[in-house]
Amino acid sequence: MSSIHTLRDLLRRPATRQRRPLAGLLLLGLLLAAPIVSHAQVRIEITGGAEAALPIAVVPFATDGARVNVDVDQIIRDNLYRSGLFDPLDPANFISTPSQFDDVRFRNWRALGADTLVVGRIRPGTNGNFQVRYELLDVYAGERLAGQRFNVTPAGLRNLAHTISDQIFEALIGRPGGFNSRIAYVEERGPVDDRQYHLVVAEADGHRPQRILQSAEPLMSPDWSPDGERLAYVSFESGRSSQIFVQEVATSERQIVASFAGINGAPAWSPDGEQLAITLSRGGNPDIYLLDLASGEPRQLTRHFGIDTEPTWSPDGQTIYFTSNRGGSPQIYSVDVASGDVERVTFQGNYNASPSISGDGRFLAFAHEVDGGFRIAVQDLEEEFMRVLTEGPLDESPSFSASGSMIAYTRSANGTTELATVSVFGRVQGELTEFNHTVREPDWGPL
């Protein structure tokens with residue numbers, strides 16, 4: 001029996017049960033065994049919001065005659081809402097639209113229930129550029145909290161809106177927002193008998209996607225390097241055997257870093273960018289290995305007859321979390337990088353897989369089975385408390401944002417595949433943008 005069929009048989013449940021998420025994206029057998037649906041439309045959807053979200057008013061920026069084709073204030077509003085920590089007020093209810101501190105009548109904004117206020121102005125600059133200024137104001141204290149002036153090209157306005165969002169988030173929350181980061185994902189196009197696979201990089205809100213690789217064979221498990229300049233991923237372009245590549249995003253230059261006998265899969269960058277945690281079956285069984293990128297030599301980290309896959313590093317680089325069925329069903333485990341000691345982390349439910357760790361190391365996100373469906377859950381590693389965030393029925397592949405306040409994931413429902421984000425603080429839904437093709441396996445990049 002081939003290793004692919006062995007893995008498929010070990011991880012699959014009886015056919016009468018609902019299809020499980022792709023437990024171990026490297027497992028081609030699972031991928032091929034799962035039914036492939038022709039999707040009419042793929043959309044990115046937001047699930048976020050919080051019961052105690054901070055009310056903030058983002059006033060439409062004055063333009064002073066500048067011909068602006070980017071709605072900067074709306075992008076800021078959407079970014080803050082998506083984090084789940086802010087509740088932007090509806091501009092339709094504003095009784096004035098000040099563009100600078102001196103024009104603000106703070107009592108009016110207190111009456112609307114705003115805690116903070118964002119005002120700004122866009123003016124024509126030299127050589128077709130824009131001069132942009134914003135201010136973040138404390139409505140109750142009547143004080144300026146933050147602000148800055150920028151010179152920007154028309155093409156840079158969207159990125160500037162993300163930068164302003166980041167500055168507002170950090171001023172009020174105390175940590176970077178990550179709105180100016182990027183998401184990588186795999187896009188599938190065409191009919192089943194002529195499927196094309198694209199590796200795509202987009203802004204954190206899904207806009208301006210750029211294809212950086214196209215293949216007639218499956219691409220899987222993209223993972224950003226800590227510097228945000230490279231992507232590691234799995235490709236089957238050599239045939240049935242998998243290989244791990246590392247590709248420069250800016251230049252598209254790439255190299256094969258793992259092409260051992262058997263399975264090469266699920267790459268995850270170490271925090272220092274010098275190693276990849278990967279799954280190899282070179283020893284006859286899928287285990288976690290550490291691949292030194294300078295020497296190309298792998299070091300085996302786990303040794304068990306079960307399937308160990310989907311590694312992800314703790315921020316300090318001392319621990320790796322991974323999925324294993326060594327206890328009889330897929331669960332999340334941790335392994336000490338130095339000693340190799342393994343501990344089980346998840347205990348609620350019969351299925352927990354695809355771990356992702358927040359940047360502060362406190363929260364672990366994963367796919368969790370609930371009532372025959374699959375949802376994204378978060379476990380507080382300090383308090384050992386688990387919370388289910390999404391509604392299913394088939395949610396998978398969670399990936400934390402740089403801020404740790406949002407999680408990107410994929411979900412399937414009603415014949416569509418959606419790339420969504422969920423706040424770790426609550427649940428409010430809203431459509432962000434749309435695609436016309438199936439998307440899978442998002443990975444949120446660093447700041």
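Everything below is about the structure shown above.
Undergrad: Break down the pairing of strand β9 (residues 210-215) for me, with residues and values.
TA: In this structure, strand β8 (residues 196-203) lies alongside β9, joined through 5 bridges in antiparallel fashion. Following the sheet pairing, Tyr197 is matched in β9 by Ser215. Connecting the antiparallel pair β8 and β9 is a turn made up of 6 residues, with Gly206 showing a positive phi of about 90 degrees.

Undergrad: Summarise the pattern of salt bridges; cite the residues concerned and give the values.
TA: One pass over the structure, following the stated rule, counts 16 salt bridges. Across the pair Asp64 and Arg123 runs a salt bridge, and its minimum N-O distance is 2.9 Å. Of this pair, Asp64 sits in the loop between β2 (54-58) and α3 (72-82) while Arg123 sits in strand β4 (residues 116-124), and the two are 59 residues apart along the sequence. On the accessibility criterion, Asp64 (37% relative accessible area) is partly exposed. Where Glu237 meets Arg254, a salt bridge forms, and the shortest distance between an N and an O atom there is 2.6 Å. Placement of Glu237 in the loop between β11 (230-235) and β12 (243-248) and of Arg254 in strand β13 (residues 254-258) is noted, with a sequence separation of 17 residues between them. Note on Glu237: relative accessible area 34%, which makes it partly exposed. A network of salt bridges, in which partner residues are shared, links Arg158, Glu203, Asp205 and Arg208.

Undergrad: Summarise the environment of Gln247; cite the residues concerned and give the values.
TA: Along the chain, the position of Gln247 falls in strand β12. In this structure, the C-alpha to C-alpha distance between Gln247 and Ala232, residues 15 residues apart in sequence, is 6.4 Å. If we ignore the near neighbours within four places in the chain, the residues touching Gln247 are Ile212, Leu213, Glu229, Arg230, Leu231, Tyr233, Ser252, Glu253 and Arg254. Reaching out from Gln247, the side chain makes a polar contact with the backbone oxygen of Ile212 at a distance of 3.0 Å.

Undergrad: Explain the layout of surface pockets to me, using residue names and the numbers behind them.
TA: Taken as a whole, the largest pocket holds about 890 Å³ of empty space. Lining the largest pocket we find 37 residues, and of these Asp223, Thr312, Ser356, Asp443 and Trp444 sit closest to its centre. Going through the elements one at a time, β10 (219-224), β14 (264-269), β18 (308-313), β22 (352-357), β26 (394-400) and β30 (438-444) are the ones with two or more residues in the lining of the largest pocket. Taken together, the residues of the lining of the largest pocket break down into 20 nonpolar, 13 polar and 4 charged.

Here is what the cut-offs are and how they apply
- Residues numbered from 1 in each chain as written.
- Predicted model: local features only at pLDDT ≥ 70, side-chain atom pairs only at ≥ 80, totals over all residues.
- Heavy atoms only, no water.
- Pairing = 2+ DSSP bridges.
- Helix = DSSP H or I, 4+ residues; strand = E, 2+ residues; numbered from the N terminus.
- Salt bridge = Lys/Arg side-chain N within 4 Å of Asp/Glu carboxyl O.
- Buried < 20%, exposed > 50% of the residue type's maximum accessible area, 1.4 Å probe, protein only.
- Contact = heavy atoms within 4.5 Å.
- Polar contact = N/O pair within 3.5 Å; in protein donor to acceptor, adjacent residues only side chain to side chain.
- 1 Å grid on protein atoms, 1.4 Å probe; cavity = no way out; pocket = protein on both sides within 12 Å on 5 of 7 lines; lining within 4 Å.
- Points joined across faces, edges and corners; volume = space filled by probe spheres on them.
- Nonpolar A, V, L, I, M, F, W, Y, C, P; charged D, E, K, R; others polar.

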